[in-house]
There are 2 protein chains.
Amino acid sequence: MTTKPDGEEVIFEQPCPIRDVLDRIGNQWSLLILEALAPGTLRFNALMREIGDISKQMLSRTLKQLEQDGFITRTLYPEVPPRVEYTLTPLGHSFLEPMQRLVNWADTHHHAIVAARARYQAENDQA
Amino acid sequence: MTTKPDGEEVIFEQPCPIRDVLDRIGNQWSLLILEALAPGTLRFNALMREIGDISKQMLSRTLKQLEQDGFITRTLYPEVPPRVEYTLTPLGHSFLEPMQRLVNWADTHHHAIVAARARYQAENDQA
DNA sequence: CAGGATCCTCACAGATACTG
DNA sequence: CAGTATCTGTGAGGATCCTG
């Protein structure tokens, strides 16, 4: 997907913005980070505690991605010990709105999904 | 994550509905399938053509997942050659609404993300 | 036509250890 | 405190072949 058969580099790999965006923010870590930052600025370790079961590396990587994509800003205070604060950008905030709708949907319909799974299971158990 | 240290089975693995839901529908294939089915019923190969670059296996797997979770229904017509139709359930339809918001957001802000990436790149190239 | 079974691989994510 | 470097496994996903 990154190179054509003839080896020529492909510049525009994302003809579809939806895929592009989903590739970045489609994973739970990105979402959870953005949610964690919704109330306000947080430091690195504070984020770790907030999310709970994310490794330092994944947090670091995902934060960098989010920064690259313009969802958050990273502010380094050159103190000792160092302090780094992460904040949502306007873009990040604007993303939260449609995201919140999805989260609400998930909350509302979660039971229906669980029920559907149980039903499916039951139907296939009596085989 | 599937078993506790002592080997006891963990029944409730998803204390957080958001994670649970996102795990299922967070991948691009699920989304693209749901989008493809939004206008109406489609058959297996029609779905393949619609989505474009999905393998039979992934399509098959993802469809089964979506069926299990109650997003779509699978209808087999016992003909020769066989015909299978996939349709959104009410649950699947209801999901499309918040999803559409997200897609719209992606469309609207895609350029901003691309710009942010370019800016980030530029800043780090002059190192 | 609509998939199941099988094999493969490579990119993502975890753990650990080191650094400014 | 806030990361990076390295190493390793795990499993998502592709390719191919086979079947009802």
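Chain A is annotated in an unreviewed UniProt entry as Helix-turn-helix domain-containing protein of Halomonas elongata.

1. Some remarks on the sheet that holds strand β3 (residues 83-88) of chain B
Residue and element names in this part refer to chain B. Pairing is antiparallel across the open sheet formed by 3 strands, whose spatial order is β1-β3-β2. Strand pairing shows two members of the sheet lacking a second neighbour, β1 (42-43) and β2 (72-77), which therefore form its edges. Pairing analysis gives 6 bridges linking β2 to β3, with the strands arranged antiparallel. Bridging from a neighbouring strand, I72 pairs with L88 of β3. Relative to β3, helix α2 (residues 28-37) is tilted by about 95 degrees, and along the sheet it contacts β1, β2 and β3.

2. So, unusual backbone geometry
Between V80 of chain A and P81 of chain A the backbone carries a cis peptide bond, its omega angle lying at 0 degrees. Secondary-structure assignment places P81 of chain A in the loop between β2 (72-77) and β3 (83-88).

3. Some words on the relation of the copies chain A and chain B
Overlaying chain A with chain B gives an RMSD of 0.1 Å, the required rotation being 180 degrees about an axis along which the chain moves by 0.0 Å. What we have between these two chains is a two-fold relation. Ranked by how close their C-alpha atoms come to the rotation axis, the residues of chain A are headed by G26 of chain A, at 2.7 Å. Interface overlap between copies: 100% of the residues of chain A at the interface are likewise at the interface in chain B, consistent with a symmetric, same-surface contact.

4. Quick look at the packing of helix α4 (residues 56-68) of chain A against helix α5 (residues 90-125) of chain B
α5 of chain B packs onto α4 of chain A with a crossing angle of 110 degrees between their chain directions and a minimal axis gap of 8 Å. Classified by the angle between their axes, α4 of chain A and α5 of chain B sit roughly perpendicular to one another. Across from K64, E67 and Q68 of chain A in α4 of chain A, the residues of α5 of chain B making contact are A116, R117 and Y120 of chain B. For the contact of α4 of chain A with α5 of chain B, the class distribution of residues is 2 nonpolar, 1 polar and 3 charged.

Reading guide: rules and limits
Residues numbered from 1 in each chain as written. Chains lettered and ligands numbered in written order. Predicted model: local features only at pLDDT ≥ 70, side-chain atom pairs only at ≥ 80, totals over all residues. Heavy atoms only, no water. Pairing = 2+ DSSP bridges. Helix = DSSP H or I, 4+ residues; strand = E, 2+ residues; numbered from the N terminus. Contact = heavy atoms within 4.5 Å. Axes fitted to C-alpha atoms, helices over the stretch in contact; angles between N-to-C directions. Least-squares fit on C-alpha atoms with pLDDT ≥ 70 in both. Parallel < 35°, antiparallel > 145°, perpendicular 65-115°, else oblique. Nonpolar A, V, L, I, M, F, W, Y, C, P; charged D, E, K, R; others polar.

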